[in-house]
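Below are the chains, spelled out letter by letter.
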Amino acid sequence: MTRRWLVTGCSSGLGRALAAAAAAAGDLVVATARRPATLDDLAERHPDRVSAVALDVCDAAQCEAAVAHAVERFGGVDVLVNNAGAGLFGAVEEVSDDELRRQLEVLTVAPWRLTRLVLPLMRRQGFGHVVNVSSIAGRMGLPGLSAYVTGKYALEGMSQALAAEVAPFGIRVHAVEPGGFATHYGTSLAEAAGRIPAYAQVTGDVEAGLRGMAGNPALNRPEVFAHHVLRLVESPTAPLRVPIGPDAYDFLQAVESANTTELTAARAFTQHPTEHPDADPAPATPTG
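This structure is a prediction, so every number in the text was calculated from the model and none was measured.

Conventions used here
Residues numbered from 1 in each chain as written. Predicted model: local features only at pLDDT ≥ 70, side-chain atom pairs only at ≥ 80, totals over all residues. Heavy atoms only, no water. Core = buried A, V, L, I, M, F, W, Y, C linked by side-chain atoms within 4.5 Å. Buried < 20%, exposed > 50% of the residue type's maximum accessible area, 1.4 Å probe, protein only. Helix = DSSP H or I, 4+ residues; strand = E, 2+ residues; numbered from the N terminus. Contact = heavy atoms within 4.5 Å. Pairing = 2+ DSSP bridges. Axes fitted to C-alpha atoms, helices over the stretch in contact; angles between N-to-C directions.

Engineer: Sorry if this is basic, but what is going on with the nonpolar core here?
Structural biologist: Core analysis: the biggest nonpolar cluster contains 32 residues, and Trp5, Leu18, Val29, Val81, Val176 and Phe225 have the highest contact counts within it. Only strand E1 (4–7), helix H1 (13–24), strand E2 (28–33), helix H2 (40–45), strand E4 (79–82), strand E6 (128–133), helix H7 (222–234) and strand E9 (241–244) provide two or more residues apiece to this core. Sorting elements by how many residues they give to this core places H1 first, with seven residues. Excluding residues that lie within four positions of it along the chain, Val81 makes contacts with Trp5, Leu6, Val7, Thr8, Leu18, Val131 and Val133.

As structure tokens, this is what we get:
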């Protein structure tokens, strides 16, 4: 079966690898980037299967145009991959309202918008896939990535609700959760304008690790991500949430263990109170 893909954020990294892999597999791909010239070589390599389109996912009109182009060029969309992203580094106290809004616009609002635009197409044809590229940060908190973590948690919640909403129409939803990949995410990471020196001792190691991702030979390669996403859309039994990369499973197993411990502690706290909240205060002990 030849699938028709719409993939956002294809200029480099995970999106680029996925667009290339889908085209090499014989599928049709609308590959988007803010600067579509970065995709010229891919379109030249697969002129009948790749169409490069300019898309800033925060621009509603460009989102509508990208979906319309997919319909005009290839007749529709079978797989939407919400991959475009951007990171903001800063602790909660350091991130302004406007910075938070911009981060959530990219990570949550834009995927929601594009999904809303393709769902009528998928409902009419009776099948489709929505693949939201989340992160292990969608299930764990990382100091200094507070806004990014918030956006990914929201994307995971959206994916879970969406999966239940569209299942009757033959549409499947997946949130893929990459671990550490050798991409330029860390080098392109923006910084909050109002950095506070006191937080350096808490967030410094995390930032250093992120900045060095592109050149870290121990990290996963983008081609691994592409391979698993192709398998994902081919499988009738793939789960909703799919971590990608061995390190992702190591991190998330530790998170699950910590969550279980926390739940046990919370149950004990609420079921065995040392003092009932409605109890009368103990009478004062007379003195003298």
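Engineer: For this particular structure, what's the right way to read the environment of Ala66?
Structural biologist: Looking at the element boundaries, Ala66 is found in helix H3 (residues 60–74). By relative accessible area, which is 0% here, Ala66 ends up buried. Distance in space between the C-alpha atoms of Ala66 and Ala52 is 9.7 Å, their sequence separation being 14 residues.

Engineer: Quick question: what am I supposed to make of the side chain of Glu207 here?
Structural biologist: By the element assignment, Glu207 lies in helix H6 (residues 200–211). Non-local contacts of Glu207, meaning those with residues more than four positions away in its chain, are made with Phe89, Glu191 and Arg195.

Engineer: Would you mind going over the sheet that holds strand E7 (residues 171–178) with me for this structure?
Structural biologist: In a beta sheet, neighbouring strands pair by backbone hydrogen bonds and run either parallel or antiparallel. With respect to topology, seven strands assemble into an open sheet ordered E3-E2-E1-E4-E6-E7-E9, the strand pairing being parallel. Each edge of the open sheet carries a strand with a single partner, namely strand E3 (50–54) and E9. For this sheet the average axis-to-axis angle between neighbouring strands, irrespective of direction, equals 20°. In the sheet, E1 pairs with E4 via three bridges, with the strands oriented parallel. The residue of E4 that forms the bridge with Leu6 is Leu80. Across the sheet, helix H8 (residues 246–271) touches E7 and E9, and the angle it forms with E9 is around 120°.

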